[in-house]
Amino acid sequence: MTASSHLVLLGDATSVHVQRWAREMRARGWRVSLVTARPQPIDGVEQVTLPPVARSSDWLWRVGAARRAIAALAPDIVHAHYVTSYGYLAARCGHQPLVMTAWGSDLLLTPRQNPLIARLTAWTLGRASLVTGDSRDLLDAARRLCPGVRAELIHWGVERARFAPVPWADKPGFEAVSLRSWEPNYRIDVILRAFAQVLAQRPDARLHLLGGGGEEGRLRRLVDGLALQNSVQFHGRLDDAGMAAVLARCKLSISVPESDATSVSVLESMACGLAVIATDLPANRDWLDARALVPPGDVVALARGWSGLIGDGALAQHMGRDNAERIAQGGDRRVQMDAMDALYRQLLASKARA
């Protein structure tokens, strides 16, 4: 790889994950450009904006624009984030080497909608030189759809300089936080219904909701209906500094989606030394103790676990300390991005030899 090697990403510029990826690769000497249907400025990253995408079928009609963008940028390597949208566009462009990163639902849920989508997803994966994912079950899904595809485990990692534990004694009371988006899959409604049961026993409990999303109106109405107005704070989308400030107040983080790969918000919560309660999903089993896992959609189990940690602060503190140690051992973003940089280099070296 030369100092001027050009990496073109395809993904949503509005995504904090894509923003972080671009910055990490620029820090490692890559010239980084981005082809996106959802633009937002990223320092040092040239962007080519595709026509807006309002529904899933729109991706089929963005191939020509994507091809023109890739041809004009003339990259050394292309990397598409989210297989069933930007991955499809990149596959149709035909540039090699081509890397794809699966995000979760694109392989765990979308191909189940019908056989045609499953076949199209398999075809898309087959055009990739390398597929990455952040959990073993996500990589297994890629291999089931496209046997023989090269798949590597790379997770998003945590910026441990920013997301770090604060003294447990400095935290006020027993506050909990959800960092997940306000969308149906993430079941914020389950968290609120469980919190209503917790609050009936512990009137001093507090809940912070970060993330933002399309279900805000419905969730606010649910808060009103459950009479939680004085105990729930809606923060919406915050930057890393804002997230870290809220996490510093909290002792518990809750993440109970119906489906998920490795959640960055779970890893960030762990890095900050919080106890975590999460859905019993394969990706979460790789990171969390069995005591921290609850069945999907189970309000009673979530409320029981939540109340139990409020009642046993020593246990909550112990779980938080273990979580921080787990991230220190295997969750540092720099280590993961160094590994990704090495994979890029391998692909370019293989192309040069060919």
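Quick summary incoming for the structure in this document. (Residues numbered from 1 in each chain as written. Predicted model: local features only at pLDDT ≥ 70, side-chain atom pairs only at ≥ 80, totals over all residues. Heavy atoms only, no water.)

Some remarks on the overall build of the protein chain
- Along the backbone of the protein chain there are 14 helices and 13 strands.
- In terms of C-alpha radius of gyration, the protein chain reaches 21 Å, essentially the compact-globule figure of 20 Å for 354 residues.
- Principal axes of the C-alpha set define a box for the protein chain whose edges measure 65 × 40 × 35 Å.
- In the protein chain, which comprises 354 residues, the share counted as buried stands at 55%. (Helix = DSSP H or I, 4+ residues; strand = E, 2+ residues; numbered from the N terminus. Rg over C-alpha atoms; globule rule 2.2 N^0.38 Å. Buried < 20%, exposed > 50% of the residue type's maximum accessible area, 1.4 Å probe, protein only.)

Thoughts on empty space enclosed by the protein
- With the rule as written, the count across this model stands at one cavity of 30 Å³ or more.
- Space inside the largest cavity adds up to approximately 50 Å³.
- Forming the walls of the largest cavity are His17, Arg20, Trp21, Trp156, Gly157, Arg333 and Met337.
- For the lining of the largest cavity, the secondary structure elements donating two or more residues are helix H1 (16–27) and helix H14 (333–353).
- Per element, the largest residue contribution to the lining of the largest cavity is three residues, and it comes from H1.
- Among the residues forming the lining of the largest cavity, the class breakdown is three nonpolar, two polar and two charged. (1 Å grid on protein atoms, 1.4 Å probe; cavity = no way out; pocket = protein on both sides within 12 Å on 5 of 7 lines; lining within 4 Å. Points joined across faces, edges and corners; volume = space filled by probe spheres on them. Nonpolar A, V, L, I, M, F, W, Y, C, P; charged D, E, K, R; others polar.)

Considering the sheet that holds strand S10 (residues 232–236)
- Strand order across the open sheet formed by six strands is S10-S9-S8-S11-S12-S13, with parallel pairing between neighbours. Of all strands in the sheet, those bounded by a partner on one side alone are S10 and strand S13 (293–294).
- Pairing geometry for strand S12 (residues 275–279) and S13, over two bridges, is parallel. Residue pairing in the sheet places Thr279 in a bridge with Val294 of S13.
- Seen against the sheet, helix H12 (residues 299–311) touches strand S8 (175–178), strand S9 (206–210), strand S11 (252–255), S12 and S13 and runs at an angle of roughly 175° to S12. (Pairing = 2+ DSSP bridges. Contact = heavy atoms within 4.5 Å. Axes fitted to C-alpha atoms, helices over the stretch in contact; angles between N-to-C directions.)

Topic: the sheet that holds strand S7 (residues 151–153)
- If you walk across this open sheet you meet the seven strands as S3-S2-S1-S4-S5-S6-S7, and the pairing is parallel. Two strands bound the open sheet, and with one partner strand each, they are strand S3 (46–49) and S7. Ignoring which end each strand starts from, the neighbouring axes of this sheet average 20° apart.
- As defined by bridge partners, strand S6 (residues 130–133) adjoins S7 across three bridges and the pair is classed as parallel.

Quick notes on the packing of aromatic side chains
- Summed over all chains, the structure comprises eight aromatic pairs.
- Plain terms: the ring middles of Trp30 and Tyr344 are 5.2 Å apart, the flat faces sit at 70° to each other, and that makes the pair edge-to-face. Taken as a pair, Trp30 in the loop between H1 and strand S2 (31–36) and Tyr344 in helix H14 lie far apart in primary sequence, 314 residues in all. Across the pair, exposure class does not vary: Trp30 and Tyr344 are buried alike.
- Ring geometry for Tyr88 versus Trp123: centroids 6.5 Å apart, planes at 55°, classification tilted. In this pair, Tyr88 is assigned in helix H3 (residues 83–93) and Trp123 in helix H5 (residues 115–126), connecting sequence segments 35 residues apart. (Phe/Tyr/Trp six-rings, centres within 6.5 Å; stacked < 30°, edge-to-face > 60°.)

Quick notes on the layout of surface pockets
- Within this model, the second largest pocket holds a volume of roughly 150 Å³.
- Lining the second largest pocket we find 14 residues, and of these Ile277, Arg291, Ala292, Arg304 and Gly305 sit closest to its centre.
- Per-element accounting of the lining of the second largest pocket gives the leading share, five residues, to H12.
- Here the lining of the second largest pocket is built from residues that sort into 10 nonpolar, two polar and two charged.

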